[in-house]
Amino acid sequence: MGKVEKPGQAVREQALIDQFLADNVLFLGPDPEIMHEHDIAPIAELEREAMRRESDPAVLALIRDRLQAGANEAFEMLEQMGAAPGAKWGDLITGVYTASGDLAVSSAGGVLIFASLVHHPVKFINKYWTTDTSVGVRPGDAFIHNDARYGNIHNTDQSMMLPIFHDGRLVAWAGATVHEGENGAIEPGGMPSLAEQVYEEGLKMSPFKIVENYELKKDLVTFLQNSVREPKLQYEDLKVKLFVCRRIEERVKSAIEEFGLDAVVSALRGGLEDTKKEVSRRVSAWPDGTVRSMIIADGTLRENCLIKINLALTKKGDELIFDFRGSSPEFANRANNTLLSSLKGMLCQLFLVFVWPDLPRNQAVFAPIRVITDDKSALHSSYTTPNAQSMMTFFPAFTAGQQAVAKFLYGCPEKFTKVIAPWHNMIHTFIYGGITQHGEMVGNLCADLNGMGGGAHADRDGEHAVAPIFAPMADLGEQEMNEEEVPFIQIVSKKLMKDNQAFGKYRGGQGYEMIASSLGSPLWGFMCSCIGSKIPSTPGLFGGYSSPTYPLCKIKGADVFEVWKTEPQKFEFSIPRLMNERPFKGASYTSHHSGLQFEIANRGDLYMITQGSGGGYGDVLERDPELVIRDLEEELISHETARDIYRVVYNPETLLLDRAATEAARAAERKARKARGLPYKAFLKQWATEEPPPHLPYYGSWGEDRSTIYAGPFAGVPRARMNAAAIQPVYMPNPKDVKIAELERRIQMLERGASV
Amino acid sequence: MKVPVTEYLEIDLERELWLCRRCGHEVGPARQAYKEGLLVYARDPAEIHKPILDPALYEFTFAPDGKWISILEYYCPDCGVMMETEYLPIGHPPLNDMQFDLDALKAQWSGREPLTEAELAGPDPVGMSQHHHSHKQKHEHGGR
Ligand SMILES: [Zn+2]
């Protein structure tokens, strides 16, 4: 102050400061400009020129098909050669990117969430490493990445990206992404739910160069191998991904040779622009308006609580906006937070798989669609919050979207798939870790997560255990092959459980029971990571019911392999019978929510879970009674369900249907509904509360007001109320401390002679 | 023109009314929430999703927790069809889940013909379908 400044001096000083700052960046964190943009890149000069010179649709279509075949071929190679269990069942994607980094052609199969996610790291490399003299992007280079904060689902997935040059000029990128599993996190298998900080989630690779002259850099590979529990897997799959990227490079180069550079560049960019235009056109055919949906995620994987995922989906003209404001705040020390870019990836997949499966597989499918979230919410979490189990919030967000989209689509004349109820959205599977029968340390997961039940269609039942929510085509793998590599067996596998069904006019596809037990290992353990044990994760559509809820069941302390030697008749191949009849003396029988942190499993202990059902469609009283009889014949439902839910009358011995009695039973139930139902306004008066009731550990907005966000109460921590514009992350107490406090309270009461 | 919006609801564009697609009951003005014209019943979720494990032995039984949520069942006051189910935390106000722009809907449908049941349900994905799009649809969308 008081200093006299000459005009121009301030400008020169600012320029100096800017230059100094640019030259001395302390830390290149995720770039918000890159991470918040999911539109295709602005057209480059190379692309504009190419499109002007080559625009023959026949030629461009031929090239697109050629590159698509190349991506599919690379996918096959990766699936066949990849060492990761995830690779073997198709949990991967391959593709061709434009020089700017847009994913222009991706493999038809695999995990399409990646389709609108893995472009972020390519754009980071383009922006920062190309001009950096210590890094550079040259022919023969390739880069690796896994940190979701730079664009990914979670850091168990690793991407390799290889620049493709023509006459010394960068013209495209080849990419391959695989769910590798193990990543050196606090728990084995790559998806820790125990992580309370990002630093406990294992390797976090920002994009860096790991290949020069088409050769892996041994020093870096060695460092990575030392950072994970499966060093051989880390090395093998780096080699495989490099080989696959080189194959894609070969396909792009041969296309350039045959059709010329202009044609190839024009095909890549043109495909993106055409797709974006087509999406806008298709959206235009939907009715204008707003559809609302909410899903309660019933836990963080460490504890049960009510985590609100709130969606208002608005369509106006050719605009479509996902507005998730009012959803739960982020959790400072839980792994269930979703980064905005990961959320968009999952929503893109909704359209690629379930709405417009005929569209080209590229990121432009999501380009015209907007997403709004509250900062620091569970769907737009900050840099420091853990995200390894982001699925626990972005799967429910997907489901809210799937339910909302169906309400726009039903009456729309232009559809490309059946209208369906929500797909089952939880990954019921065993994550495992320990020493194998071959003496090797491993950490990974079973393919059974791909056995999710399909949602009921508007004109037929959902398919049982058909495909995961995140990929249209994926395998379950052969259990017998798994057992050659890992020391546990699935004693019960692929058995459909009675009444594990979302009821409706058309029922959801059902999931199967699994009972696993370890055998032949000096040290072995399991993890599970699902929500939906107290509140169903997957709702129905148009009057259909949701999936049931799913517990984790355990029987410990009775070695089942010994039981089989001495009293084999005591064993039942059924979770309900084992749990309800408790046949093994001295064993402990427990049921839990299905967020199990890594736990040692002794030989013969039983770990039991169930795959989930897709949502039901329509009123149960409209289900064709013949279909109910068929479900009885196939032992999908019990007599109680046929009688009490579907109101079907038949001879229980012969299953002979009595149509007239069924009609009468259903008419009586419709009459009963009218007698017990209250007019909406009267109902509202007795039902609705101003705030969440005090007994609910509730996170998110309440009712229509999205500006006030509630958090808690939980385990003695009182409820917080905050403004949605200034969210404070939620800090959860350690579940063990919560349990200790409860036990101490009981001891105190016992010491006072009171009854507990 | 009556435009189906869900399996059980349609909007009568001329009269601006929500109608029951089963019995034609006039549910209410289409510029308001359709739920206001329906009967509602809050159901203990364990009545539908019954415990598969013995609730006397276990906390987690495959049945949802009725202390945390209820199933709101919405019935047509005339024919008793269950039009919607809504799983809500105890006390949470129901969502105004469908708010369509009536004027835009009228404009959009001025050139459209009513849809068949099969068209409402939607086609099998391209490449799997045994059927072809109707002539009408082809015409409407320029023979896509
Ligand atoms: Zn009716």
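Residues numbered from 1 in each chain as written. Chains lettered and ligands numbered in written order. Predicted model: local features only at pLDDT ≥ 70, side-chain atom pairs only at ≥ 80, totals over all residues. Heavy atoms only, no water.

**Student:** What's the story with the overall build of chain A in this structure? I'm lost.
**Tutor:** What chain A contains, in helices and strands, is 19 helices and 24 strands. In terms of overall dimensions, chain A is globule-like: its C-alpha atoms have a radius of gyration of 27 Å, near the 27 Å expected for 756 residues. When the backbone C-alpha atoms are referred to their principal axes, chain A occupies close to 85 × 70 × 60 Å. Every one of the 756 residues in chain A was classed for burial, and the buried ones make up 62%. Sequence-distant contacts, at least 24 apart, represent 72% of the contacts inside chain A between residues at least 6 apart. Accessible area of chain A: about 27900 Å², with a carbon and sulfur share of 54%. Between the mean site of the 81 positive side-chain charges and the mean site of the 97 negative ones, chain A shows a separation of 5 Å. (Helix = DSSP H or I, 4+ residues; strand = E, 2+ residues; numbered from the N terminus. Rg over C-alpha atoms; globule rule 2.2 N^0.38 Å. Buried < 20%, exposed > 50% of the residue type's maximum accessible area, 1.4 Å probe, protein only. Contact = heavy atoms within 4.5 Å. Areas by Shrake-Rupley, 256 points an atom, 1.4 Å probe, with all protein chains shown as cover. Lys, Arg positive; Asp, Glu negative; His and termini not counted. Charge placed at Lys NZ, Arg CZ, Asp CG, Glu CD.)

**Student:** I'm lost on the interface of chain A and chain B in this one. Help?
**Tutor:** Taken together, the 97 residues of chain A in the interface contact 83 residues of chain B. At the boundary of chain A with chain B, total buried surface from both sides reaches about 7400 Å², with 60% on carbon and sulfur atoms. Here Lys-534 of chain A makes a salt bridge to Glu-59 of chain B, at a shortest N to O gap of 3.6 Å. Per element, the largest residue contribution to the side of chain A that touches chain B is eight residues, and it comes from strand β8 (residues 289-299) of chain A. Grouping the constituent residues of the side of chain A that touches chain B by class yields 44 nonpolar, 25 polar and 28 charged. Relative to strand β5 (residues 39-43) of chain B, strand β21 (residues 678-679) of chain A is paired through two bridges, and the arrangement is antiparallel. The residue bridging Pro-679 of chain A from the neighbouring strand is Leu-39 of chain B, located in β5 of chain B. (Buried area = accessible area lost by both parts, 1.4 Å probe. Salt bridge = Lys/Arg side-chain N within 4 Å of Asp/Glu carboxyl O. Nonpolar A, V, L, I, M, F, W, Y, C, P; charged D, E, K, R; others polar. Pairing = 2+ DSSP bridges.)

**Student:** Mind showing me how you'd approach the side chain of Arg-666 of chain A here?
**Tutor:** Structurally, Arg-666 of chain A can be placed in helix α17 (residues 659-676). One buried charge, Arg-666 of chain A, has no salt-bridge partner; the nearest side chain with opposite charge is Glu-663 of chain A, at 5.1 Å.

**Student:** I keep staring at the coordination of the zinc ion and nothing clicks. Help me out?
**Tutor:** Tetrahedral coordination by four donors sets the ideal angle at the metal to 109.5 degrees; octahedral coordination by six donors sets it to 90 or 180 degrees. Residue and element names in this part refer to chain B. Bound to the zinc ion are the protein donor atoms Cys-20 (SG), Cys-23 (SG), Cys-76 (SG) and Cys-79 (SG), situated 2.3 Å from the metal. Its four donor atoms give the zinc ion angles of 105 to 114° at the centre, a pattern that matches the tetrahedral case. For the zinc ion, all donor residues lie on one chain, and their spacing in sequence is C-x2-C-x52-C-x2-C. Taken as a pair, Cys-23 in the loop between β3 (17-20) and β4 (26-29) and Cys-79 in the loop between β6 (69-75) and β7 (82-89) lie far apart in primary sequence, 56 residues in all. (Donors = N, O, S within 2.8 Å, 3.2 Å for Na, K, Ca; no water. Tetrahedral: all angles 85-135°; square planar, octahedral: opposite > 155°, others 65-115°.)

**Student:** Sorry, what's going on with empty space enclosed by the protein here?
**Tutor:** Empty space among the atoms becomes apparent when a probe as large as a water molecule is rolled across them. All told, the structure shown has six cavities of 30 Å³ or more when counted by the stated rule. Taken as a whole, the largest cavity spans an internal volume of roughly 290 Å³. What lines the largest cavity is a set of 24 residues, among which Met-294, Gln-403 and Pro-539 of chain A together with Glu-86 and Tyr-87 of chain B lie closest to the centre. Going through the elements one at a time, β8 and α11 (391-409) of chain A together with β7 of chain B are the ones with two or more residues in the lining of the largest cavity. Counted as a void, the second largest cavity has a volume near 130 Å³. (1 Å grid on protein atoms, 1.4 Å probe; cavity = no way out; pocket = protein on both sides within 12 Å on 5 of 7 lines; lining within 4 Å. Points joined across faces, edges and corners; volume = space filled by probe spheres on them.)

**Student:** Explain the sheet that holds strand β7 (residues 215-216) of chain A here, please?
**Tutor:** Adjacent strands of a sheet pair through backbone hydrogen bonds, lying either parallel or antiparallel. Residue and element names in this part refer to chain A. Overall, antiparallel pairing links the seven strands, which are arranged β2-β1-β5-β4-β3-β6-β7 in an open sheet. In the strand order of this sheet, the two ends are held by β2 (103-106) and β7, each with one partner. In terms of strand pairing, strand β3 (residues 142-145) meets strand β4 (residues 157-166) through three bridges, oriented antiparallel. Note on β4: the bridge partner recorded for Phe-143 is Met-161. Contacting β6 (208-212) and β7, helix α7 (residues 218-226) runs over the sheet at an angle of about 125° to β6. (Axes fitted to C-alpha atoms, helices over the stretch in contact; angles between N-to-C directions.)

**Student:** Can you walk me through the layout of surface pockets in this structure?
**Tutor:** Residues and elements named next belong to chain A. Of the volumes computed, that of the largest pocket is approximately 1200 Å³. Taken together, 33 residues line the largest pocket, and the ones lying closest to its centre are Arg-302, Glu-303, His-593, Pro-735 and Lys-739. Looking at the lining of the largest pocket, the elements that each hand over two or more residues are β17 (552-556), β18 (588-592), β19 (595-600) and α19 (735-751). If one sorts the elements of the lining of the largest pocket by residue count, α19 sits on top with five residues. Across the lining of the largest pocket, the residue classes break down as 15 nonpolar, nine polar and nine charged.

**Student:** Just checking my understanding: could you explain the pairing of strand β20 (residues 606-610) of chain A for this structure?
**Tutor:** When a strand is regular, its side chains alternate between the sheet's two faces. Residue and element names in this part refer to chain A. With five of five residues buried, β20 lies mostly within the body of the structure. Here strand β15 (residues 512-518) pairs with β20 via four bridges, running antiparallel. Paired with Ile-515 across the two strands is Met-608, which belongs to β20. Here three bridges tie β17 to β20, and the two strands are oriented antiparallel to one another. Along β20, the bridge assignment pairs Ile-555 with Leu-606.

**Student:** I'm lost on the packing of aromatic side chains in this one. Help?
**Tutor:** How two aromatic rings sit relative to each other is given by the distance of their centres and the angle of their planes. Per the stated rule, a full pass over the model turns up 33 aromatic pairs over all chains. Where Phe-526 of chain A meets Tyr-607 of chain A, the ring centres are 5.2 Å apart and the plane angle is 55°; that geometry is what we call tilted. Placement of Phe-526 of chain A in strand β16 (residues 524-529) and of Tyr-607 of chain A in strand β20 is noted, with a sequence separation of 81 residues between them. The pair formed by Phe-526 of chain A and Tyr-607 of chain A is uniform in burial state, with each residue classed as buried. Taken together, Trp-286, Phe-322, Phe-324, Phe-351, Trp-356, Phe-366 and Phe-408 of chain A together with Phe-100 of chain B form an aromatic cluster joined through their ring pairs. Sitting over the ring of Phe-416 of chain A, Arg-282 of chain A keeps its end group 3.6 Å from the ring centre. One Lys or Arg, Arg-676 of chain A, reaches over the ring of Tyr-41 of chain B and ends 4.9 Å from the middle of that ring. (Phe/Tyr/Trp six-rings, centres within 6.5 Å; stacked < 30°, edge-to-face > 60°. Lys NZ or Arg CZ within 6 Å of the ring centre and 35° of its normal.)

**Student:** Explanation requested: the sheet that holds β19 of chain A in the structure shown.
**Tutor:** Residues and elements named next belong to chain A. Strand order in the open sheet formed by four strands is β13-β12-β16-β19, and the pairing between neighbours is antiparallel. Bordering the open sheet on either side are β13 (441-445) and β19, each of which pairs with just one other strand. Along the sheet, successive strands turn relative to each other by an average axial angle of 10°, direction set aside.

**Student:** Looking at this structure, how should I read the domain arrangement of chain A?
**Tutor:** Domains assigned within chain A are domain 1 (66-259), domain 2 (424-618), domain 3 (619-677) and domain 4 (693-751). A C-alpha centroid distance of 30 Å is found between domain 2 of chain A and domain 4 of chain A. (Domains from an automatic or database assignment.)

**Student:** Help me out: how do you make sense of the environment of Gly-520 of chain A in this one?
**Tutor:** All names here are of chain A. Topologically, Gly-520 is positioned in the loop between β15 and β16. Taking the C-alpha atoms as reference points, Gly-520 and Gln-728, 208 residues apart in sequence, are found 48 Å from one another. Here Gly-520 is in contact with Gln-437 and Pro-487, once residues within four sequence places are set aside.

**Student:** Can you help me understand the environment of Glu-572 of chain A in this one?
**Tutor:** All names here are of chain A. Note that Glu-572 resides in the loop between α13 (560-566) and α14 (575-581). Distance from Glu-572 to Ala-364, taken between C-alpha atoms, is 51 Å for residues 208 residues apart in sequence. Apart from the residues within four sequence positions on either side, Glu-572 is in contact with Arg-577 and Leu-578. At 3.3 Å, the side chain of Glu-572 and the side chain of Arg-577 are in polar contact. (Polar contact = N/O pair within 3.5 Å; in protein donor to acceptor, adjacent residues only side chain to side chain.)

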